[in-house]
Amino acid sequence: METMAKLAAVGVTAVVLSAVLKKNTPELALLLALAAGLWMLAQAAAGLGAAVAQMRELAGQAGVSEVLLEPVLKTVALSILTKLTAEICRSAGEGGVAAFVETAGAALALLAALPLVRAVAQLMGELLT
């Protein structure tokens, strides 16, 4: 909760400062937003590490191979990266580039999830025979 309060404070501060800077120097406003975003990601990284560790623990308890967690983690990481990149493109006024980033991210997420789909199909085949 404390971390989120810090993230919210930095986010609101960055938005206010960015709005002021955008009038005269839009490039600096974009750089400020990027810097604030990178700082927030760094702060959240520890929480993401804890979530991954907990997912591994749960997979072990359920008897699920950790190999099946990799596609899930890759897909989530691609989703986060795609969303952030697309929003940065939109903030810079490049909506067209943002659309291409989203399309590429969706294709790469599908590709990353294919091993999981294959494992589920194999499991279904085993259950049906």
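Structure: see above.
Everything quoted here is computed from the prediction, not taken from an experiment.

### Details of the pattern of salt bridges
- With the rule as written, the count across this model stands at 5 salt bridges.
- Between Glu-2 and Lys-6 there is a salt bridge; the shortest N-O distance is 3.7 Å. Placement of both Glu-2 and Lys-6 in helix α1 (residues 2–24) is noted, with a separation of 4 residues, approximately one turn of the helix.
- Here Glu-87 makes a salt bridge to Arg-90, at a shortest N to O gap of 3.2 Å. Remark: Arg-90 and Glu-87 occur in helix α3 (residues 69–91); sequence separation between them is 3 residues, near one turn of the helix.

### Looking at the layout of surface pockets
- When its volume is computed, the largest pocket comes out at roughly 790 Å³.
- Only α1, α2 (26–62) and α3 provide two or more residues apiece to the lining of the largest pocket.
- The computed volume of the second largest pocket comes to approximately 160 Å³.
- Lining the second largest pocket, in full, are Leu-48, Ala-51, Val-52, Met-55, Val-72, Leu-73, Val-76, Ala-77 and Ile-80.
- Where the lining of the second largest pocket is concerned, the elements lending two or more residues are α2 and α3.
- Among the elements that make up the lining of the second largest pocket, the one with the highest residue count is α3 (5 residues).

Thresholds applied
- Residues numbered from 1 in each chain as written.
- Predicted model: local features only at pLDDT ≥ 70, side-chain atom pairs only at ≥ 80, totals over all residues.
- Heavy atoms only, no water.
- Salt bridge = Lys/Arg side-chain N within 4 Å of Asp/Glu carboxyl O.
- Helix = DSSP H or I, 4+ residues; strand = E, 2+ residues; numbered from the N terminus.
- 1 Å grid on protein atoms, 1.4 Å probe; cavity = no way out; pocket = protein on both sides within 12 Å on 5 of 7 lines; lining within 4 Å.
- Points joined across faces, edges and corners; volume = space filled by probe spheres on them.

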